[in-house]
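# Overview (structure and organization)
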Amino acid sequence: MLFNSLHFLIFLPLVLVLYYTLPHRYRWVLLFVASSYFYSVFYPPYLLILYFIIVIDYTAARGIENTEGYWRKAILLVSIAANVGLLAYFKYYNFFILSSNNIITGLGGQSNLPLRQIILPIGLSFHTFQSLSYTIEVYWKRQKAERHIGYFANYVLFFPQMVAGPIERYASLGAQLHIKQVFSYDNIANGLRLILYGLFIKMCVADNMAPLVDQLYSNPGKVGTLSTWLGLIAFSIQIYADFYGYSTIAIGAGRCMGIKMMDNFKQPYFATGIQEFWQRWHISLSTWFRDYVYIPLGGSRVKTARWMLNILAVFGLSGLWHGANYTFIIWGLAHATLYFIEYFVYKTPLVKLIKTPVGQWVSGAFTFIAVTLIWIFFRAADISQAKLVIKTALGIIPNGAVIIMPTLWQLLPVALFILFEIIIRGKRFEIWAGSYAAPVRWVSYALLAFCIVLFSGIQSYPFIYFQF
Amino acid sequence: MAKLVYKLAMAAVLLAAIVWVANPLYTHYFFKNDVLEAKGKLLFDLDSLQYTNEVLYFGESSDLTIAETDTCQWSISQMIDKLSPKNVGRVSTHAIHGATYVKLIQNIKPDSKVKTIIVTLNLRSFGADWIHSRLETPLMKTNVLYEPMPPILRRLQVVFNGYDNTQTDIREERRMQHWQHDKINVPDTFPYKNVNDWDMAAGKDNIYNYVLPNGARNDPKIELACHYIKTYAFSIDVDKNPRIADFDKIVALAKTKKLNVVFNLLAENLEYADSLVGPVLVNLMRQNRDLLVKRYTQPGVIVVDNLETVTNGLDFTDQNWTTEHYNQTGRWLVARNVVSKADVWLK
């Protein structure tokens, strides 16, 4: 079910009424049914995949907790294999086959392994990573295995965040699901504020930028340099607004039920360096990779060469996590390269200059431009398309005939969004709104609602991160 | 709780006020652009044509396609207009079907001049290949913009995904499921009981033995045969087929609006269906035709059976695909038959 749908606008209040009406001991049933229904709206057969993950990881965690020695690791490996195996089949099968065919053909052999028509289950990478974090935590004895499969199922299925995160840990989400949440005006009010703001960001900002981005990528090599940059900046805004909007609605929907979820974004485009960018962008995934890949590999407490390998591994895997395409791997590795450059620059006397107020502005602008350029690999369908876009951006290809020109109605919501983000800098929307008197609050709600009614993009663009 | 109910009521009032204020703004400044962007020009065509024409023709690409070699550039509806003493207005665009006609007919106002509607009944649109086509999602969205309600509410329904916006790959999966599981009324002795098996036999196994002079597979011809199978090998299930539901609604709507209905069951290329695949496929097409004619022949409705009107396969402009696009000879044949069979309302 889409958050920006009439379906959800009816579904959520209905669930909330039932949630606060039912005794606590039955709420897990409600959440399980509601979450299953929420997911089944996309494609019912794939609920079975989620149930499979639940059964495997629930059983694995119980097994890990009840055994010692070699068997603990063996059970963990079964859990990892099941989760990664699902990802490998549904997400990467055709990528592996195509790559194998290309490699074998490149070596002079003949290979025509058949591709399969596979529908990627929405949000599979999110479910598997969330569920995996639980079995790993149980293996490390930092988390007790859940006894009640219903609660564990709700941890994997919790509808506000099941499709695109934030990727929560059991210690936080699981524990909150156990607590008897009592009705609170503040929770509902704050939740609804977040949902309103999230809908505005997704529908008015992201969906108005999308047509500009589509123009750029459907005419690679034919767009003028200035227009290319407009399209690239539009994508930087679109991807952020799309995912930030989704996360904000998710956090808001959870908040309505008294569940507090982690922030996934902290104004990443205000970052003054790439390291800081990654502390602010898709935080739940960054911390997942930090905790379950980077630190187990030795983190930064190793020699520089090894540390660099660790960083490369994390960013490479992060790229692959996003999509089964070389472009995503390049996207990840490009971020790793910037990370290294920044690391070494910070070891030179230049650091003093960077830390001045002007230096921070310049560094922030540089970070934004670099991230915007690297997004090309995230958005492009393939490497050749990415190359064409880079060439037009750098003016290597002469000015093309296609001109990208946003309308006033597309720019107005973006301007309002930037204004809001500057005003609420360092806070979340609901906290900012809650700190003002009623007239100011209601004017801001009215403004957001008016924008949604009048300026939201008419074309339907699914949340970008659903495909992951 | 009381505080929440009070605040929610306030929010609802505020929202209603915003929508009320936004409606004239939206209608004046944005609606037309949104409709045109969603390829919904028909709505404006209908608005103007219904006050100047006694007959409206609702059609798809069959009413828009002209062959390059045609000396006569008139479409089917324009030909009907020439043949009939009554003014016939054209409300046609590409790739629409019964669901769109329903929405458009809902927009015929009580004070309009329209007495008769001619609606194309496209046999292909009843098959899984079209029902689960990738064009369906944008079409469903456009249909929302045709809903007879204030423009701002249509917009809200669109932006809040209040229509069937199933992903393309899921639509394709559903189509595959239909091809695999839907039974087709073929003779007991015929070895293929569903589209999938038949298509595989025609394609992979080349059962029709299409080979080039050098003995190699004639892939273009095989592909065309397979396409004919996937397009026409179905048996309409009147309880489940969404097009049946649409055309039933059209009949019911016409009755309430006191309109005469002429269903123009379009000609298909039976000659090629027969030569490429054989009589079993042609028989399926005839079975479906018979069902539609029988179901919709009733007081106030005339079904003009044009299925076999264009007998020469060369009169179809698309020689390598299944369409209802005819050259001028084909169009005149169809138009004349419509006017002749529905003369009670068209003459």
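Treat the numbers as computed from the prediction; the structure is a model and nothing was measured. (Residues numbered from 1 in each chain as written. Chains lettered and ligands numbered in written order. Predicted model: local features only at pLDDT ≥ 70, side-chain atom pairs only at ≥ 80, totals over all residues.)

## Quick look at the overall build of chain B
- The secondary structure content of chain B amounts to 16 helices and 5 strands.
- Rg of the C-alpha trace for chain B: 23 Å, near the compact-globule value of 20 Å for 347 residues, within the 12% margin.
- Across its three principal axes, chain B shows a C-alpha extent of roughly 80 × 55 × 40 Å.
- Taking all 347 residues of chain B together, the buried fraction comes to 40%.
- Taking the contacts inside chain B whose residues are at least 6 apart along the sequence as the reference set, 75% of them involve residues at least 24 apart. (Helix = DSSP H or I, 4+ residues; strand = E, 2+ residues; numbered from the N terminus. Rg over C-alpha atoms; globule rule 2.2 N^0.38 Å. Buried ≥ 20, exposed ≤ 12 C-beta atoms within 10 Å, placed from the backbone. Contact = placed C-beta atoms within 7 Å.)

## Remarks on the interface of chain B and chain A
- If you look at the interface, chain B gives 26 residues, while chain A gives 19 residues.
- Sorting the residues of the side of chain B that touches chain A by element identifies α1 (2–29), α2 (31–37), α8 (151–159) and α9 (168–181) of chain B as the ones contributing at least two each.
- Counting residues per element, the side of chain B that touches chain A draws most heavily on α1 of chain B, which supplies 9 residues.
- Taken together, the residues of the side of chain B that touches chain A sort by class into 16 nonpolar, 4 polar and 6 charged. (Nonpolar A, V, L, I, M, F, W, Y, C, P; charged D, E, K, R; others polar.)

## Section: the domain arrangement of chain B
Residues and elements named next belong to chain B.
- Looking at chain B, the domain boundaries give domain 1 (1–37 + 134–170) and domain 2 (40–127 + 234–346).
- Listed by partner, the interface residues are 10 residues for domain 1 and 11 residues for domain 2.
- Counting only elements with at least two residues in the side of domain 1 that touches domain 2, the list comes to α2 and α7 (136–145).
- A per-class count over the side of domain 1 that touches domain 2 returns 7 nonpolar, 2 polar and 1 charged. (Domains from an automatic or database assignment.)

## Focus on the sheet that holds strand β4 (residues 260–265) of chain B
Residues and elements named next belong to chain B.
- Strand order across the open sheet formed by 5 strands is β2-β1-β3-β4-β5, with parallel pairing between neighbours. The open sheet has two edge strands with one neighbour each: β2 (88–92) and β5 (301–305). With strand direction ignored, the average angle separating the axes of adjacent strands in the sheet is 20°.
- Both strand β1 (residues 55–59) and strand β3 (residues 116–121) contribute to a ladder of 4 bridges, which runs parallel. Within the sheet, the bridge partner assigned to F58 lies in β3 and is V119.
- Contacts from helix α4 (residues 76–83) reach β1, β2 and β3, with the element oriented near 170° to β2. (Pairing = 2+ DSSP bridges. Axes fitted to C-alpha atoms, helices over the stretch in contact; angles between N-to-C directions.)

## Brief notes about unusual backbone geometry
All names here are of chain A.
- Despite not being glycine, Q267 has its phi angle at roughly 45°, a positive value.
- Residue placement: Q267 occurs in the loop between α9 (225–256) and α10 (274–280).
- Judged by local crowding, Q267 falls into the partly exposed class, with 16 C-beta atoms found within 10 Å.
- At H282, a position not held by glycine, the phi torsion is positive, near 40°.
- We classify H282 as buried; it has 22 C-beta atoms within 10 Å.

## Remarks on the environment of N288 of chain B
- Inspection of the secondary structure assignment puts N288 of chain B in helix α14 (residues 279–296).
- Distance from N288 of chain B to L123 of chain B, taken between C-alpha atoms, is 7.7 Å for residues 165 residues apart in sequence.

## Focus: the domain arrangement of chain A
Residues and elements named next belong to chain A.
- Along its sequence, chain A is carved into domain 1 (6–183) and domain 2 (186–455).
- Once you take the C-alpha centre of each, domain 1 and domain 2 turn out to be 26 Å apart.
- Each side of the interface is counted separately: domain 1 has 21 residues, and domain 2 has 20 residues.
- In terms of residue class, the side of domain 1 that touches domain 2 is built from 12 nonpolar, 7 polar and 2 charged.

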